[in-house]
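# Structure at a glance
Listed below are the residues making up each chain.
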Amino acid sequence: METINFIELSVVVPCYNEEVTLPLFYRETVKVLASLADAGTISTVEFIFVDDGSTDHTLLAIKNLAEQDSRVRYVSFSRNFGKESAMLAGLQRASGRYIVTMDADLQDPPALIPSMLAAVASGEFDCAGTRRVTREGEPPVRSFLARKFYRIMANLSDIEVVDGARDFRLMNRPYIDSLLSLHERNRFSKGILPWIGFKTKWFEYENINRVAGETKWSFWKLFLYSIDGIIAFSSKPLALASILGAVFFLLSIVFIIIVAVRRIIWGDPVAGWASTVCIIMFCSGIQLFSTGILGQYLAKTYTEVKQRPHYIIREQK
Ligand code: UDP
Ligand code: MG
């Protein structure tokens, strides 16, 4: 028997310290959804807010919304588990035929939802993704490093990570179900989504600054996130370690031959302990570097093997 989806559209919103932006977000989004209902496109909607262990009154703000609007559901984590986990929790609970994930800070314009929905509902696409074409309002160093990261990622992995792709996406059921069928702990969605495939239509827009509050991504957090992404989607760094090892092994054989020949022809001039020390330091540096790469993969394997849950829920509705 075919199951009937009562909810047509689920709106999933990860929230971390968004007490100020949340009511603004809700007001804007509800307007757009109302216009969709007026046009007869969709009428049944649900909101799923995921409070990612906020330390301000975000949960209270969500509860206020839930009191006014029965379409609002929420999950609140026991601590901050990160945006990827928050989105996962929201997607797992969303029952809609279509699901849209959005940031709470209005950097993702709700006005795009109708055209995104039209693209996916037409059946031609399974996902409507968004990418920002400018990075205005962002520190130049950050933009520069972000671009470098996309270049490195393109060279290292077989999947295509889209530059500037945002987490503002509208997806259909088969797409979401495939996404949820991946159980890995290290959820680098910029990599997971191209990996599962399907047809994505891209919508582009200029960067919009958040309405209030500030970004939760420190420079360091972004850096670690990019390392996670590389480790999760490429094993080429491991190959790099092996190649370095092989190259240095060959070089050492050449040196041994040179030294032996010199010894036979000119005798043994004892000279240059400085150069010896340099070589030893250089080689042990390479060795530590390679062990470090290996360690990264081992650490990731360790967290995967432990099979801890992605998040812990404190309360939900
Ligand atoms: N977010 C989250 N958990 C975190 C960090 C961020 O749920 O640990 C949410 C945040 O509330 C917002 C979205 O993820 O709705 C994007 O965060 P932010 O605006 O800080 O990132 P940026 O837009 O600067 O990339
Ligand atoms: Mg933002």
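Our subject is the structure that appears above.
Residues numbered from 1 in each chain as written. Chains lettered and ligands numbered in written order. Predicted model: local features only at pLDDT ≥ 70, side-chain atom pairs only at ≥ 80, totals over all residues. Heavy atoms only, no water.

### Considering the coordination of the magnesium ion (ligand 2)
- Around the magnesium ion (ligand 2), the donor atoms from the protein are D105 (OD) and Q107 (OE1), and they sit 1.9 Å away. Residue D105 shares its accessibility class with Q107, and that shared class is buried. (Donors = N, O, S within 2.8 Å, 3.2 Å for Na, K, Ca; no water. Buried < 20%, exposed > 50% of the residue type's maximum accessible area, 1.4 Å probe, protein only.)

### Comments concerning helix 2 (residues 58-68)
- Among all positions in helix 2, only T58, L59, A61, I62, L65 and A66 are buried. Projection of helix 2 onto a plane perpendicular to its axis shows the buried side chains occupying an angular sector of 160°, all on one side. When the buried face of helix 2 is taken as reference, the exposed residues oriented beyond 90 degrees from it are E67 and Q68.
- Check the buried side of helix 2 and you find it contacts strand 1 (9-15), helix 1 (21-38), strand 2 (45-51), strand 3 (72-77) and strand 8 (313-316). (Helix = DSSP H or I, 4+ residues; strand = E, 2+ residues; numbered from the N terminus. Arc of directions from axis to C-beta. Contact = heavy atoms within 4.5 Å.)

### Brief notes about unusual backbone geometry
- Notably, N17 is not glycine yet its phi reads approximately 50°, a positive angle.
- Relative to the helices and strands, N17 is located in the loop between strand 1 and helix 1.
- By relative accessible area, which is 24% here, N17 ends up partly exposed.
- The phi torsion at Q307 lies on the positive side, around 55°, for a residue other than glycine.
- Relative to the elements of secondary structure, Q307 occurs in the loop between helix 10 (273-306) and strand 8.
- Q307 gets classed as exposed once you look at its relative accessible area, which sits at 53%.

### Overview of the pairing of strand 6 (residues 165-172)
- In terms of burial, strand 6 is a largely internal element, eight of the eight residues being buried.
- The pairing of strand 4 (residues 98-101) with strand 6 spans four bridges and is antiparallel. Paired with Y98 across the strands is N172, a residue of strand 6.
- The pairing of strand 5 (residues 127-132) with strand 6 spans four bridges and is classified as antiparallel. (Pairing = 2+ DSSP bridges.)

### Let's talk about the pattern of salt bridges
- Per the stated rule, a full pass over the model turns up 13 salt bridges.
- Taking the shortest distance from any N to any O, the salt bridge between R131 and E204 comes out at 2.6 Å. Here the residue R131 occupies a position in strand 5, and E204 occupies one in strand 7 (residues 200-205), the gap between them amounting to 73 residues.
- Classification of R131 as partly exposed rests on a relative accessible area of 21%.
- Classification of E204 by relative accessible area gives partly exposed; the value is 47%.
- Among the ionic contacts, a cluster of salt bridges with common partners joins K83, D103, D108, R166, D167 and R169. (Salt bridge = Lys/Arg side-chain N within 4 Å of Asp/Glu carboxyl O.)

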